[in-house]
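Structure assessment
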Amino acid sequence: MNEATSEQPIMAVSQAWSGDIAVLSVAGDVDLVSAPQLEEEAVATLGNDKCRGLIVDLGAVNFLASVGIAVLVDLSKKTAGTTPYAVVAQGSATARPLSLLGLDEVFPIHSRLDEALAALQADKAGTEA
């Protein structure tokens with residue numbers, strides 16, 4: 001057994017900003033072990049006074065377990081009416097299960113990050129007007 005493989009994190013979350021919109025880019029597997037880390041990072045980001053929008057980018061996610069989906073739904077509830085929120089998902093590991101569950105009716109799902117950023121910018125402009 002390769003010891004180095006067992007020490008690799010199963011999920012990584014990085015944060016970037018586009019103006020006052022936070023982008024959490026997730027890579028790896030979002031499962032029972034790693035989902036709490038995603039939730040913790042997202043809640044901390046939402047608590048940042050600078051945050052006026054949140055995008056969770058699942059573009060590099062290989063596996064999205066039901067507990068990860070529950071985190072995304074919970075984030076949509078936490079942001080409802082206060083902070084624009086969107087998810088970037090593409091492919092069979094992320095977009096397909098979210099769509100099959102009808103979650104595209106619960107929160108915006110985009111196939112590309114630039115689409116999500118444009119939508120949140122427009123959403124912010126509409127609420128600030």
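Note: the structure precedes this text.
The present account deals with the structure reproduced in this document. Because the structure is predicted, anything quoted here is derived from the model rather than measured.

1. Digging into the environment of Gly91
As for its position among the elements, Gly91 is in the loop between strand E4 (85–88) and helix H4 (95–100). For Gly91, a relative accessible area of 45% translates into the label partly exposed.

2. Overview of the side chain of Thr45
Within the fold, Thr45 resides in helix H2 (residues 35–46). What makes Thr45 buried here is its relative accessible area of 3%. Among the polar contacts listed, one links the side chain of Thr45 to the backbone oxygen of Glu41, at a separation of 2.8 Å. Ignoring sequence-local partners within four residues, the contact set of Thr45 consists of Gln15, Trp17, Ala22, Leu24, Cys51 and Leu54.

3. Observations regarding the packing of aromatic side chains
By the definition in use, this model includes 1 aromatic pair. Ring centres of Tyr85 and Phe107 lie 5.7 Å apart, and the angle between their planes is 65 degrees; this geometry places the pair in the edge-to-face category. Of this pair, Tyr85 sits in strand E4 while Phe107 sits in the loop between H4 and strand E5 (109–110), placing them 22 residues apart in sequence. The class for Tyr85 is buried, based on a relative accessible area of 6%.

The rules behind each value
- Residues numbered from 1 in each chain as written.
- Predicted model: local features only at pLDDT ≥ 70, side-chain atom pairs only at ≥ 80, totals over all residues.
- Heavy atoms only, no water.
- Helix = DSSP H or I, 4+ residues; strand = E, 2+ residues; numbered from the N terminus.
- Buried < 20%, exposed > 50% of the residue type's maximum accessible area, 1.4 Å probe, protein only.
- Polar contact = N/O pair within 3.5 Å; in protein donor to acceptor, adjacent residues only side chain to side chain.
- Contact = heavy atoms within 4.5 Å.
- Phe/Tyr/Trp six-rings, centres within 6.5 Å; stacked < 30°, edge-to-face > 60°.

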